[in-house]
Amino acid sequence: MLRSEHVMARMARGRLVPHRIPPDDARALEAAAELCELYATHVGEPRASLEEKITLTEEALGPRLDARRGFKIVRALAKLLEERCEWSAPTASDPYTVRTRIFELAAALPELPAVESNLLETVTREDLISQVAREIGSDDPISLMYADRQGAQVLSVFEKPTPEGLISRYNVAQVQGVLYAARELVVDLGEGCDARLVLHYVKKLGLIYALEETNRGYRLRLDGPLSVFGGTRKYGLRLAKLLPGLLLTAPWSLSATVEWKGRDAILNLDSDAGLESHYRGPKDDGETNEVREAFIKAWARAKETNGWELEERRDILPLPELKTALVPDFVLTKSGERVYLELLGFWNERRLIERVELVREAARRGHHVLVAASENLGASRETLAEAAHGEVIPFKNRLEVKAVLAAL
Amino acid sequence: MRNSAGSGIFNGVISLRYEAGTLLASGLPDGERPPEPFIRDPRTREWRAPASAYREVSLALRETETPYTDDAAAFEKLVLESRVALEPRPYQREALAAWRRSGLRGVVVLPTGAGKTAVAMSAIERVGRSTLVVVPTLALMKQWYSILSDAFGSSVTVGLLGGGYHEITPLTVTTYDSAYIHMERYGDRFGFAVYDEVHHLPAAKNAIIPKMMLAPYSLGLTATPERPDGGHGLLPELVGPVVYRRSPEDLAGTYLAPYELIRLPIELTAHERYEYAQADAVYRDFLNKHRLSMRSSEDWQRFILVASTSHSGGREALLAARRRREIQAGAMRKGATLETLLRRHWGDRCIVFTKSVEEVYAMSRRFLIPGVTYETPARERKEILDRFREGRYRAIIASDVLNEGVDVPDANVAIILAGSASHREYVQRLGRILRPKEGKNALLYELVTTATGEEGTSRRRREAFRGATA
């Protein structure tokens, strides 16, 4: 994430356009490569000298990159590289002990330790330092004195990105930077967009959503607990952190109300904007996805479905009090009746409990939710049935159409 | 109590709950609404109010004898016994009484050096509930930590939130920045909020801090509540009205220490002056040639931009500019003068101030005296200041006095290493908080680097210098 002072955007007809570097900009790629190299070759060296080098690089590369904004661009790129660094202490001895000993000895002298030796044979600075050097068994106590300062920390690990990767991260970070000042974010989730994933991040970030159905999908209006008393920028940082989560799925479009230089402005963006997420996404459901896809195929091949249709579109059942929603895997319909089918896959216990709670809440609100649970899940069928307040359809490696129809 | 007939589910008891900086009311029958300022949150279908409504809501419920359960407040009773004598001065006692009369809410305005902290400590003792102290800077945070630990350390562990610390206790010190980020998690844990330098509170970001806190009691402290943007109009709502006010003039003479100010101009050495003149000429030629002005940091960036893209003389101009700055900052005589002063006042309690953190560490290494900056860990900072107070350390050098309200612990000599002439008020403020020795004035030296070499003024200054250090 960038600092606010590195965030750049221009206004075009009331819309905010965050600064962006074209992915094939040769000069920018060259600058990015040079910065990556600077960090990579600095491993083992202290932070303070890296900062000096960055200042020099900034002065050298900045103006070549962009007459007005070059400095900021270089700074911002460096800030993003900083996130890939690990730092460690430069010495095994304890600087606090060393300096405290030095100060105590010096204060005990009848006068300020002389910087140079003189005729009066008083204790000099040099005498005092050599005494401490002997005590701690190091020949340079002065350089140890403040070795615990941040600037003295040594770059121990640097995860070097490709120049292209850095530019891509930069472009996302600039949009995130604009979102720091957002009061509200409206996201339209299109067909096929993974609402479950989006809601996972909404809940994780402590945001509050309001859900509306639109003719093309769903609209999420996102802000935080205090927003209901009037717009606040307090949740801007979290809205910014949501963005890479959104970028893991498609299609969607978003619109944010942003306080920009004392005025209200709008930021618009959609999943076709060519931005790439650096989030890895929640560890999920590879296997459940296989089961899901296999079921869709099996359904299509099935000769008899007793008039039930499998809808392609997934519904969102809002559970506002729980700050989340249930997004069942399947919707089955037959003459106006809607039945939801939820797959419980191969998750850990906590996620299982969470999901079962959602199913139960949805059922309590009058939704008809069937649960299909993998037999590899560990929990017994009875326990699950009891927890979910309903029948559970067991499956082994694939979910049979017959079993589902029997439960309908 | 509004008993609504026919609602079987409703058990007649309103329940208050804290959630992320807000207060939720549940247990009401359909059609009933909790007292103001609760509103219906359509997003989550709950009754919601800002956490700060807690005082008003509890009072309203109690007044109407409405039964309710309080699952919101997570603060506790805090029995504090001060280890150091808190003997309030008469005006401090008046301030406290005025604040008590306004319902343990309000702002106390006292000049720097008049012991605002002492007022806060008595108030904390008086309220006897988990307390959060909010301050503008990390330096102040550490200073409060050390004062509160000294006073109440035997009754409670003092916690810190911000600057790398994240330890919440019933008596915690934090910064405005950290409170803004974290209070929605801890806003239920404190019954009393103290805002130091409370004129920072009405800033748009900070104003949300009290809203996220249940704390029924609050105290604001400042020397200057007025804000140029008129934001002080929000103070009554955020912490309470100004309940007590004294100006420096009201207290001068009786309570604030007199001091003597000695200004020492620092001349460049002949060699430095020569080098400086050369670098300056190269740099100024370049500025003139390219019609550049130099008034702000944008001007500086513009200069770098022009210099680094220029083919003739750009590189030289850059180097000259850097050299010029180095000479100004590192003037030889500054160190030498400081050495003379430290030697002269080795028997006194001497504190050195500089704006630059790097200079603190350089001088600390050079003179082997402890340095205190915003980077110094809280415990070590406390240890250094304690030892300084006890006389185990004779001199310390600090960078963070620029920040308002940082207390100077019992020093009778202060030396300001300023790059250029300092802010007058700042110098005065410093002077006021010095503690003179019996029968003597406190001394305040100000060392100013002068980079221009006009003969007349330099001679006069040299004479002044000799006069002061002879």
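Residues and elements named next belong to chain A. Going through the model one piece at a time under the given rule, you end up with 52 salt bridges over all chains. As a salt-bridge pair, Arg 338 and Asp 315 come within 2.9 Å of each other at their nearest N and O atoms. Pair noted here: Arg 338 is in strand E14 (residues 337–344) and Asp 315 is in the loop between strand E10 (309–311) and strand E11 (317–319), with a separation of 23 residues, a long-range link. Given a relative accessible area of 33%, Arg 338 falls into the partly exposed group. We classify Asp 315 as buried; its relative accessible area is 7%.

Residues Trp 252 of chain A together with Tyr 195 of chain B are the most contacted members of the largest nonpolar core, which totals 102 residues. Here Tyr 195 of chain B is in contact with Val 134, Tyr 176, Leu 201, Ile 209, Pro 210, Met 213, Ser 218, Leu 219, Gly 220, Leu 221 and Val 239 of chain B, once residues within four sequence places are set aside. Of all hydrophobic cores here, the second largest spans 39 residues; its members include Leu 80, Tyr 145, Leu 221 and Tyr 244 of chain B.

Let's shift gears to the pairing of strand E3 (residues 85–88) of chain A. All names here are of chain A. Only one face of E3 is buried, namely the one carrying Cys 85 and Trp 87, since none of Glu 86 and Ser 88 on the opposite face is buried. As paired elements, E3 and strand E4 (residues 154–158) share 4 bridges and run antiparallel to each other. Note that in E4 the partner of Trp 87 across the bridge is Leu 155.

Take the domain arrangement of chain B next. Residue and element names in this part refer to chain B. Per the domain assignment, the segments making up chain B are domain 1 (14–71), domain 2 (90–251), domain 3 (259–267 + 331–469) and domain 4 (270–329). Distance from the C-alpha centre of domain 1 to the C-alpha centre of domain 2: 26 Å. Domain 1 puts 9 residues into the contact, and the matching count from domain 2 is 14 residues. The contact between domain 1 and domain 2 buries some 860 Å² in all, and 60% of this surface belongs to carbon and sulfur atoms. Three residues, Tyr 18, Tyr 54 and Arg 55, lead the burial of domain 1 against domain 2; their summed loss comes to 62% of the area buried on that side. At the junction of domain 1 and domain 2, the tally comes to 0 salt bridges.

Take the sheet that holds strand E12 (residues 217–222) of chain B next. Residue and element names in this part refer to chain B. Strands sit in the order E9-E8-E10-E7-E11-E12-E6-E13 across an open sheet of 8 strands; the sheet is mixed. If you trace the sheet from one side to the other, it starts and ends with strand E9 (165–167) and strand E13 (242–245), each paired once. The mean angle between the axes of side-by-side strands here comes to 20 degrees, regardless of whether they run parallel or antiparallel. Direction of pairing for strand E6 (residues 105–109) relative to E12: parallel, over a ladder of 5 bridges. Bridge pairing in E12 links Val 109 to Thr 222. Sitting on the sheet, helix H3 (residues 116–127) is in contact with strand E7 (131–135), strand E10 (171–175), strand E11 (192–196) and E12, with an inclination near 175 degrees to E12.

All names here are of chain B. On average, residues of chain B carry a pLDDT of 82, and 83% of them reach 70 or more. This model gives residues 1–10 a pLDDT under 50, and the stretch forms 16 contacts once residues within four places in sequence are excluded. In this model residues 452–470 is a low-confidence stretch, pLDDT under 50, and it forms 15 contacts with partners more than four residues away in sequence or in other chains. ipTM for the predicted complex: 0.74, alongside a pTM of 0.78.

We now examine the environment of Gly 137 of chain A. Relative to the helices and strands, Gly 137 of chain A is located in the loop between helix H5 (125–136) and helix H6 (141–144). By relative accessible area, Gly 137 of chain A is classed as exposed at 65%.

Residue and element names in this part refer to chain A. Applying the stated criterion across every chain, the model contains 0 disulfides over all chains. This cysteine, Cys 85, is not joined by any disulfide, and Cys 36 carries the nearest cysteine sulfur, 10 Å off. For Cys 85, a relative accessible area of 12% puts it in the buried group.

Listed by partner, the interface residues are 47 residues for chain B and 45 residues for chain A. Summing the contributions of chain B and of chain A, the shared interface buries around 4100 Å²; its carbon and sulfur component is 58%. On the chain B side of the contact with chain A, Arg 43, Arg 365 and Leu 368 of chain B bury the most area, a combined 20% of that side's loss. A salt bridge links Glu 184 of chain B to Lys 234 of chain A, with the shortest nitrogen-to-oxygen separation between them at 3.3 Å. Between the two partners, chain B and chain A, sit 22 residue pairs in polar contact (both at pLDDT 80 or more). Only strand E3 (39–41), strand E4 (46–50), helix H5 (176–186), helix H10 (297–309), helix H12 (332–344), helix H13 (357–367) and helix H14 (378–390) of chain B provide two or more residues apiece to the side of chain B that touches chain A.

Below, the discussion takes up the domain arrangement of chain A. Residues and elements named next belong to chain A. Domains assigned within chain A are domain 1 (1–89 + 154–174), domain 2 (95–146), domain 3 (180–281) and domain 4 (286–407). The interface is formed by 15 residues belonging to domain 1 together with 18 residues belonging to domain 3. Taken together, both faces of the contact between domain 1 and domain 3 bury some 1400 Å²; the carbon and sulfur share is 62%. A per-residue breakdown of the area domain 1 buries against domain 3 is headed by Met 1, Leu 16 and Val 172, which together make up 40% of the total. Taken together, the links from domain 1 to domain 3 amount to 4 residue pairs in polar contact (both at pLDDT 80 or more). When residues of the side of domain 1 that touches domain 3 are traced back to their parent elements, those giving at least two are strand E1 (9–12), strand E2 (15–18) and helix H7 (163–179). Looking at the side of domain 1 that touches domain 3, the element that brings in the most residues is H7, giving 4 residues.

What counts, and at which threshold
- Residues numbered from 1 in each chain as written.
- Chains lettered and ligands numbered in written order.
- Predicted model: local features only at pLDDT ≥ 70, side-chain atom pairs only at ≥ 80, totals over all residues.
- Heavy atoms only, no water.
- Salt bridge = Lys/Arg side-chain N within 4 Å of Asp/Glu carboxyl O.
- Helix = DSSP H or I, 4+ residues; strand = E, 2+ residues; numbered from the N terminus.
- Buried < 20%, exposed > 50% of the residue type's maximum accessible area, 1.4 Å probe, protein only.
- Core = buried A, V, L, I, M, F, W, Y, C linked by side-chain atoms within 4.5 Å.
- Contact = heavy atoms within 4.5 Å.
- Pairing = 2+ DSSP bridges.
- Domains from an automatic or database assignment.
- Buried area = accessible area lost by both parts, 1.4 Å probe.
- Axes fitted to C-alpha atoms, helices over the stretch in contact; angles between N-to-C directions.
- pLDDT = per-residue confidence, 0-100.
- Disulfide = S-S within 2.5 Å.
- Polar contact = N/O pair within 3.5 Å; in protein donor to acceptor, adjacent residues only side chain to side chain.

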